[in-house]
Amino acid sequence: MFDKLEDDEHAYRRKANPYYPFHDEGEWQLGKFLVEHLTQTQIDKFLKLKWFNTHARPSFTSKDQLIGWMDVLPCFTEWKVSGLEFTGYKTDQPIELIWRDALDVVKQLFSNPTFANHMTFDPHVVQVGDQREYGDYMSADMAWKIQDHLPVGATQVPIILGSDKTPVTRVTGGLEMHPARLWHKCMDLICANLKAAAAEGCFMPDPFRYIRYVFTPLIAHVCDLPEASMIAAVSKNASPLTMATQKEFGDGILHPPRTGRHTLQLIVDISETVDPWNLDKFQKAAKAVYLSGVHMPYWRDWTYACPSVFLAGEILHTGHKFFFDHPLNWVKETVGNQELDARFTVQHKRVGTRHFAKGVTHVKQMTGCEHRDIQRTIIASIAGAAPPRFIHAICALVDFIYLAQNPVHSRDSLESMAEALSDFHSFKDAIIDAGARRGKSGAKEDFFIPKLELLQGFCGMVRRLGSLMQFSADVTEHLLITHCKDLFNRTSRQSKDFGLQCVRILNRQESMEIFDLSALLHSHGASLVNAIHAEDEDVTTTNPALSWVSRVLPDKAKSVHGPRPVRNHFLKGILSGDALTAFQLNVTPDYKSLSLVEIRTKYSLPDLDIALADFIHNSSQFTGEHTHWDTSYGSRVAQVRLIFQPTIRRGSNVDLPTYLSGPLLYIQYFHFITSPDQQPELAMWTVERTSVQDNTGNRYRQGAVVQITDVTHAVELIPCFGEKAASDISSATCLESYERFFLNNFADKESYHTFSTEFI
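Residues numbered from 1 in each chain as written. Predicted model: local features only at pLDDT ≥ 70, side-chain atom pairs only at ≥ 80, totals over all residues. Heavy atoms only, no water.

In this structure, what is going on with the packing of aromatic side chains? I would like to understand it.
Applying the stated rule across the entire model yields 24 aromatic pairs. Ring centres 6.1 Å apart and planes at 90° place the aromatic pair Phe344 and Phe356 in the edge-to-face group. Residue Phe344 is found in helix 15 (residues 337-345), and its partner Phe356 is found in the loop between helix 15 and helix 16 (368-382); the two are separated by 12 residues along the sequence. Of the residues examined, Phe344 reaches a relative accessible area of 2% and is grouped as buried. An angle of 75° between the planes, with centres 5.2 Å apart, marks the rings of Tyr402 and Phe746 as edge-to-face. (Phe/Tyr/Trp six-rings, centres within 6.5 Å; stacked < 30°, edge-to-face > 60°. Helix = DSSP H or I, 4+ residues; strand = E, 2+ residues; numbered from the N terminus. Buried < 20%, exposed > 50% of the residue type's maximum accessible area, 1.4 Å probe, protein only.)

See below:
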């Protein structure tokens, strides 16, 4: 991809100054900042500041010169604007499509050295024990099926499309052009060369500058349900993936696929008797056979493309949004808004999860993150306030959504997914019995929910295409902001040249991003070929450009903007005894020095002295070496009440033994009272505080001192509220006010997979 920089008319100048036409890296960063964050009027005002009378001015003296310099930077895949006309239809304003050739985009992505360490060129099978694993597309069945039809030595570049709906222009005369037809026409234009490459192949360089013979099959189109119906050219009362219709949506049966060949044949049959351009008659005839009226879907001539395959399961809308629209509403109807809010309000706050301080029933619209946060605690929260069979049905759906998010699947995980969905259908009658399934006209006794039908195909999709998490609508949702909403705000909003303004801004934005990376590498003598490199273990990056720069120019990593890395705390943190958990402690404690008496009084820990003495006695039996929790006792749940470290007074010649030289925890124990098998509707462990009695007959919570390295998991406890949550409890006091708690296995993915197995 960077080869184009060498063909630029100013390439010879950049051999001496990689940042040409800018004077140096600093001036380039200034210009980039101004263009990205200020309007053109603000840039002019900045350059006219009196401050420049006594300080050096940049080489550019006006906003026009600065914008001009940015616009002459090498542009790779240019955006363009095209006017669209349809015979027989007139519009109030011209229809403009802002687009670029999809094949050119693929060539740019495929040759981009930034992604060199993130590409797989050949299908493969991952076998772990006696089970096959399904991860990315190249490890799934469809990759092998398509590869078998390609010439020897050919490479697949699987195409994943994404789209989000947008208003279309109304025509004059009281008529409205069919929006789906317009959309498919635009997709035809954008993807024409991609479809040709899928059928005949084309040559393009990979990140290592080797030329490959490439085919471009469409394997996924990420979208929500209304768009999926539009893409598949089916009506709203039919599934876009299967032959199921509205009355079959909730039957729990996997219906035969609605293949593209079947849909196209129906369109041909209708077209033989009705003119496709007679919209009213054609659409009426199409609806009679569950079609939408689109007569030329964009995928019709895309080799290997079938809507029943490429409309892959999408977790954001089909999972999280479905949960918010349906199961959460069923819970509201059954538990009651006031009681449900009270239970969410008093839950203990957990780092990384939103605490719903005002409850969850008053919010009409939430993000996907908030949907997930509600799912984390919904099951334990409604225990005691809803019938067991009702809870079982909701739990089965949450189970299914959690399992569907696995980054890698196996035969066992797919069977668990199927079992969870089957459990829901076995217990869904409890939702009807509770009167929770309601519509505008009152209670309903059916489950005619389109997204519920889509869940039936998830297991098959994983086998065909790999993990569903690789088809996330989060990407398209983000691009809608960066390439549409933010773009609109950066224009003058004048309709006469709005399209051209958008094109200039988009081209400038991408040119600046690529030029920034290439100039950084070139100015420090780094190769523009990103060599294959084993993934670093010290950091997990979500930004491939940052990963590359961090490896070849570690001192310049901060120059790369974008998602920051997720730090690996196992390198510098304190490791647990089994090395599976890492801890980070604050550098400065809340109190630098307290005596045992002060600690015992301040935190109401009556047995702290005894617990510490027992710890010292037991640890000293091991000749000063580190001691760890004896696993023969199994796992225990405890609340951390104190993190401390013993110290020696200044001037003392005494050395602390090893077991006292690191951070220690004072904890208070819980004991298990029920297992998941005893409460199948919850599938959770229940714990109770452990108390002991002293010589005077007073009872207090059993405590102990352990090393921080004895901890293996951070868990979440949710109170057993019973039929009604106490009104005098808050999130700050709930852990101290209740005696029994659910060990929440939905707190996070790690807890879910850990607590789903026997661990005691």
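Looking at this structure, I do not really get helix 17 (residues 388-404). What am I missing?
Taking 1.5 Å per residue, 17 residues should reach 24 Å; helix 17 reaches 24 Å between its end C-alpha atoms and fits that length. For helix 17, a buried count of 15 out of 17 residues is recorded, marking the element as mostly surrounded by other parts of the structure. (Expected span 1.5 Å × (residues − 1).)

What should I look at first to understand the side chain of Ser467 in this one?
If you trace the backbone, Ser467 turns up in the loop between helix 21 (458-465) and helix 22 (474-489). For Ser467, the side chain forms a polar contact with the main-chain oxygen of Pro407, separated by 3.4 Å. Other than its neighbours up to four places away in sequence, Ser467 contacts Tyr134, Gly135, Asn406, Pro407 and His409. (Polar contact = N/O pair within 3.5 Å; in protein donor to acceptor, adjacent residues only side chain to side chain. Contact = heavy atoms within 4.5 Å.)

Explain the packing of helix 4 (residues 40-47) against helix 5 (residues 63-71) here, please?
When two helices pack together, their arrangement is given by the angle between the helix axes and the distance between those axes. Remark: helix 4 packs on helix 5, axes separated minimally by 9 Å, with the N-to-C direction vectors making an angle of 120°. It follows from the interaxial angle that helix 4 and helix 5 lie oblique. Seen from helix 4, the contacting residues are Gln40, Ile43, Asp44 and Leu47; seen from helix 5, they are Lys63, Leu66 and Ile67. Of the residues belonging to the contact of helix 4 with helix 5, the class tally is 4 nonpolar, 1 polar and 2 charged. (Axes fitted to C-alpha atoms, helices over the stretch in contact; angles between N-to-C directions. Parallel < 35°, antiparallel > 145°, perpendicular 65-115°, else oblique. Nonpolar A, V, L, I, M, F, W, Y, C, P; charged D, E, K, R; others polar.)

It is not clear to me how the pairing of strand 7 (residues 202-205) should be interpreted in this structure. Could you clarify?
Two faces belong to every sheet, and in a regular strand the side chains alternate between them. Burial along strand 7 is one-sided: Cys202 and Met204 are buried, while Phe203 and Pro205, pointing the other way, are not. Where strand 7 folds back onto strand 8 (residues 211-215) in an antiparallel hairpin, the turn is made up of 5 residues, including Arg209, whose phi is positive at roughly 70°. (Pairing = 2+ DSSP bridges.)

Note that all results are geometric; they support no functional claim without further evidence.
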